Amino acid sequence: MIQNSMSQRDQEIKPKILYYGTPVILLNTLNEDETTNITPISSSWGLGDCIVLGLGLGGKAIENLQRDPESVVNIPDPSLWENVEALAPFTGRNPVPEYKLDSGFSYEKDKYRAAGLTPKESKTVKPSRIDECPLQIEAIVKNIRIPEHNPVFGIVEVQAVHVHAHKNIVMDQHHVDPRKWSPLIYNFRHYFGLGDELGKTFRAET
């Protein structure tokens, strides 16, 4: 029997955002002068060698990707949350778009300096990697789509071409040890790490 939709277990809410617990990404893209821009984002998912990114239109990241389809998907761990947050009020767009000014953003050219992070040369793509991030994925843009129902966002599909991992989280040559690796999680605009392991799927290889 289906429960009554007005059950005491839940209630209908109207949150302004739906960041319901996703990994933080520091997306590196190439500026016009071939310096690297860093953009914190919290909308992504991966399937095979494809990573799908959600980016706001009007930002520097999507502008850069439309001009030059190379990027690095850097994935920080919880220890880097303050570095990530240091980037939050900045944009690489100059002049700053009006809607970002209204939200308190300001222009910052050198995102590495602002965040206290270190650039590292990539293997084949032009944007640099972030040395402090335990996972760094060099990627090529394959498709950018603007959804008709919400044309203020871009859905960007990238293909991973090189995956770099800190040695302390690698096991068996090519596997990331899930007991040693923890992504930084953005949970309704608050930062979290992972809790204790609960178990693993039957398809787990480690």
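Description of the structure in this document.

The rules behind these values
- Residues numbered from 1 in each chain as written.
- Predicted model: local features only at pLDDT ≥ 70, side-chain atom pairs only at ≥ 80, totals over all residues.
- Heavy atoms only, no water.
- Helix = DSSP H or I, 4+ residues; strand = E, 2+ residues; numbered from the N terminus.
- Rg over C-alpha atoms; globule rule 2.2 N^0.38 Å.
- Buried < 20%, exposed > 50% of the residue type's maximum accessible area, 1.4 Å probe, protein only.
- Contact = heavy atoms within 4.5 Å.
- Areas by Shrake-Rupley, 256 points an atom, 1.4 Å probe, with all protein chains shown as cover.
- Lys, Arg positive; Asp, Glu negative; His and termini not counted.
- Charge placed at Lys NZ, Arg CZ, Asp CG, Glu CD.
- Core = buried A, V, L, I, M, F, W, Y, C linked by side-chain atoms within 4.5 Å.
- Salt bridge = Lys/Arg side-chain N within 4 Å of Asp/Glu carboxyl O.
- Pairing = 2+ DSSP bridges.
- Axes fitted to C-alpha atoms, helices over the stretch in contact; angles between N-to-C directions.
- 1 Å grid on protein atoms, 1.4 Å probe; cavity = no way out; pocket = protein on both sides within 12 Å on 5 of 7 lines; lining within 4 Å.
- Points joined across faces, edges and corners; volume = space filled by probe spheres on them.
- Nonpolar A, V, L, I, M, F, W, Y, C, P; charged D, E, K, R; others polar.

Of the regular secondary structure elements, the protein chain holds four helices and 16 strands. For the protein chain, the C-alpha radius of gyration of 18 Å lies close to 17 Å, the compact-globule estimate for 206 residues. Across its three principal axes, the protein chain shows a C-alpha extent of roughly 60 × 50 × 30 Å. Within the span of the protein chain, comprising 206 residues, buried residues form 39% of the whole. Within the protein chain, counting contacts between residues at least 6 apart in sequence, those at least 24 apart form 62% of the total. A total of about 13,000 Å² of accessible surface is found on the protein chain, and carbon and sulfur atoms cover 52% of it. Across the protein chain, the centroid of the 22 positively charged side chains sits 2 Å from that of the 27 negatively charged ones.

Leu-27, Leu-53, Leu-55, Val-73, Ile-75, Val-156 and Val-158 are the most contacted members of the largest nonpolar core, which has 20 residues in total. Counting residues per element, this core draws most heavily on strand S11 (residues 135-145), at four residues. Apart from residues lying up to four places away in sequence, Val-73 is in contact with Ile-25, Leu-26, Leu-27, Ile-51, Leu-135, Gln-136 and Ile-137. In terms of nonpolar packing, the next biggest core, distinct from the first, is built from 13 residues, Leu-26, Ile-38, Leu-80 and Val-84 among them.

By the definition in use, this model includes ten salt bridges. Note that Lys-60 is salt-bridged to Glu-32, the shortest N-O span being 2.9 Å. Placement of Lys-60 in helix H1 (residues 60-67) and of Glu-32 in the loop between strand S2 (25-30) and strand S3 (36-41) is noted, with a sequence separation of 28 residues between them. The salt bridge partner of Lys-60 is Glu-63, with a shortest N-O separation of 2.7 Å. Taken as a pair, Lys-60 and Glu-63 lie in helix H1 at a separation of three residues, close to a single helical turn.

Our focus in this paragraph is the sheet that holds S2. Here seven strands make up an open sheet; going across it, the order is S3-S2-S6-S11-S12-S5-S4 and the pairing antiparallel. One side of each edge strand has no neighbouring strand; the edge strands of this open sheet are S3 and strand S4 (44-47). The sheet shows a mean angle of 30° between the axes of neighbouring strands, direction not considered. Across six bridges, strand S6 (residues 70-75) lies against S11 in antiparallel orientation.

Our focus in this paragraph is the side chain of Lys-100. Considering the arrangement of structural elements, one finds Lys-100 in helix H3 (residues 98-102). The buried charged residue Lys-100 lacks any salt bridge partner; its closest oppositely charged side chain belongs to Glu-63, at an N-O distance of 9.9 Å. With sequence-adjacent residues up to four places away left out, Lys-100 is seen in contact with Gly-59, Thr-91 and Phe-105.

Below, the discussion takes up the layout of surface pockets. Put simply, the largest pocket is a space of about 1,500 Å³. Here the lining of the largest pocket is composed, by residue class, of 27 nonpolar, 15 polar and six charged.

That's the geometry; what it means functionally is another story.
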